[in-house]
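# Structural overview for review
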Amino acid sequence: GRRARDEGRRDDDDARKRARTATTARDDGVVVDYREGLLDAAHVDEARARARRERAAKATSSSDERATRAAIEACRLRAISHLCMDFERVAGPHLGKRWCSAFEEWLASASEDEPLVPAGDGGGDALAKKLRAKKDASDEAVDAVVRVMMLKATECARVMRNEFRGPARSVSKEERADGVVSLRVGKTEVRLNGDHFEKLKTLYANASSKEFVENDFLFDAFAMVCRYDAAAGGQFRFSGGSQASLHGQVFDVLRDCFKVECELFASPLNCRWPMYYSKYGDVDKPFGSLGDFRACKPSGGAFEANPPFDEDVVARMAEHLFECLDAASSALTFVVVTPHWPNRPCWEKMRRSKFCSRAEVISVREHGYYEGAQHRKKSRYRLATSDTSVLFLQNESAVESNPVTDEKISLLREAFRAKRDAKK
């Protein structure tokens, strides 16, 4: 115990030392400004930020719309929590200990019309694919599980509609002694760490051209956190693996070494920069989200892409990035972070493409991530569970103007290193 405390103190001392020195330089002139905190709010293109605020002003919700959205997301969180319980009972025995990851991925297959509630052939096919990945799965067992769970999903949607009783009357906030902030609408409560709550306030203020209104913010924050808590398994079994993100130091290296300025797969809870795209634009846009990654069609620049580790999602992303690179009129770079997936078509297509200027593989023992549920867990860091690849996709102009050098890669690898208090 004493040894662990001593190591913890040394970690704190090291962090304070890095904060005081602020920068790390290397022989080739590369300088990285390591910035503290969850949000690098200084990394903002003011012209783009102003345009984003103007778009947000045109789409501003009324107080009644905010209250309605909060009530709907409260119903969704409760219903998904029950669906998660059913999933463990019905599909868990066939999927093993990683059933909760399969549940998250199944929820993600839902359409935008009814987020997180799988329906139709798409929902059934997505679940069947997860079940058939197990070598001992029989067709009869797969069909039976899919049939039961799709009925449960239909029931989930019905319960959501029946429980909705109109706009929420109020939202309350409680700041607890342990630094946790709880938000409550009716009987539904969500929690997040205090510094994540403050981060949301900053994003909210940056995304709006209007005066900050506390009650509007609380309704919007409640609705957004409900959505992501539901996406992570609801309140029955909280996982959040699909929302794991890179350490802040990795983003600092990407910013200063590779000119990266925007994230393609983020959320208000895990974004490092105010410029980001995210899956759930309907609840994320009050916090500055630019929408789904497919809305990103840049003529140039540099972007980070750390998609959910689902082969279908990665394949769709790759096609979109190739289209952007073909159409770009100036230097364009995408830094893509995925598991190291040799022999899987989605990964091989990127690795072997004409745009791949470099591919790095980081051993599972040499790196870690932020927890997907970092906004509510005491331990924010997790160890990697597989080797990770970092693919640099660039057009010819970017290869010349934004080169990927050994020195920059060395800095990137160092930034990926797992934290001492990271959990498995």
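On a predicted model such as this, the values are computed, not experimentally measured, just so you know.

Each value, and the rule that gives it
Residues numbered from 1 in each chain as written. Predicted model: local features only at pLDDT ≥ 70, side-chain atom pairs only at ≥ 80, totals over all residues. Heavy atoms only, no water. Pairing = 2+ DSSP bridges. Helix = DSSP H or I, 4+ residues; strand = E, 2+ residues; numbered from the N terminus. Axes fitted to C-alpha atoms, helices over the stretch in contact; angles between N-to-C directions. Contact = heavy atoms within 4.5 Å. Buried < 20%, exposed > 50% of the residue type's maximum accessible area, 1.4 Å probe, protein only. Salt bridge = Lys/Arg side-chain N within 4 Å of Asp/Glu carboxyl O. pLDDT = per-residue confidence, 0-100. Expected span 1.5 Å × (residues − 1).

### Details of the sheet that holds strand β13 (residues 388-394)
Think of a sheet as strands paired side by side through backbone hydrogen bonds, with each pair either parallel or antiparallel. Strand order across the open sheet formed by 6 strands is β7-β6-β8-β9-β13-β10, with mixed pairing between neighbours. Strands at the two margins of the open sheet, each flanked by one partner only, are β7 (276-278) and β10 (356-362). Within this sheet the neighbouring strands show an average axis-to-axis angle of 15°, counted without direction. Running at roughly 170° to strand β9 (residues 332-339), helix α12 (residues 311-327) makes contact with β6 (262-266), β8 (301-305), β9 and β13 of the sheet.

### Section: the pairing of β6
The buried fraction of β6 is high, at 5 of 5 residues. With 2 bridges joining them, β6 and β8 adopt parallel strand pairing. Bridge pairing links Glu-263 to Glu-304 in β8. Judged from the 2 bridges that link them, β6 and β7 form a sheet pairing that is parallel. Considered in β7, the bridge of Ala-266 is made with Ser-278.

### Looking at the pattern of salt bridges
It is possible for side chains of opposite charge to pair when their charged atoms get near one another. Within this structure, the stated rule accounts for 37 salt bridges. A salt bridge links Arg-191 to Glu-189; its shortest N-O distance comes to 3.4 Å. With a closest N to O distance of 2.8 Å, Arg-358 and Glu-360 form a salt bridge. Through salt bridges with shared partners, one network takes in Asp-33, Arg-35, Asp-40, Asp-252, Arg-255, Asp-256 and Arg-272.

### Points about the confidence of the model for the protein chain
If pLDDT is low for a region, its predicted coordinates should not be looked at in detail. Per-residue confidence for the protein chain gives a mean pLDDT of 88, with 87% of residues at or over 70. Here residues 1-22 scores under 50 on pLDDT; set against residues more than four positions off or in separate chains, the count is 9 contacts.

### Description of the pairing of β13
Within β13, 7 of the 7 residues are buried, which leaves it mostly tucked inside the rest of the structure. Both faces of β13 are covered, namely the face carrying Thr-388, Val-390, Phe-392 and Gln-394 and the face carrying Ser-389, Leu-391 and Leu-393. Where β9 and β13 come together, 7 bridges link them in antiparallel fashion. The residue of β13 that forms the bridge with Thr-333 is Gln-394. Judged from the 6 bridges that link them, β10 and β13 form a sheet pairing that is antiparallel. Residue pairing for β13: Cys-356 is matched across the bridge by Leu-393.

### Some thoughts on helix α7 (residues 139-163)
For α7, built from 25 residues, the straight-helix expectation of 36 Å at 1.5 Å per residue is met to within 8% by its first-to-last C-alpha distance of 36 Å. Looking only at α7, the buried set comprises Val-142, Val-145, Val-146, Met-149, Met-150, Ala-153, Cys-156, Ala-157 and Met-160. Buried residues in α7 make contact with α3 (63-90), α4 (92-95), α5 (99-108) and α6 (120-132).

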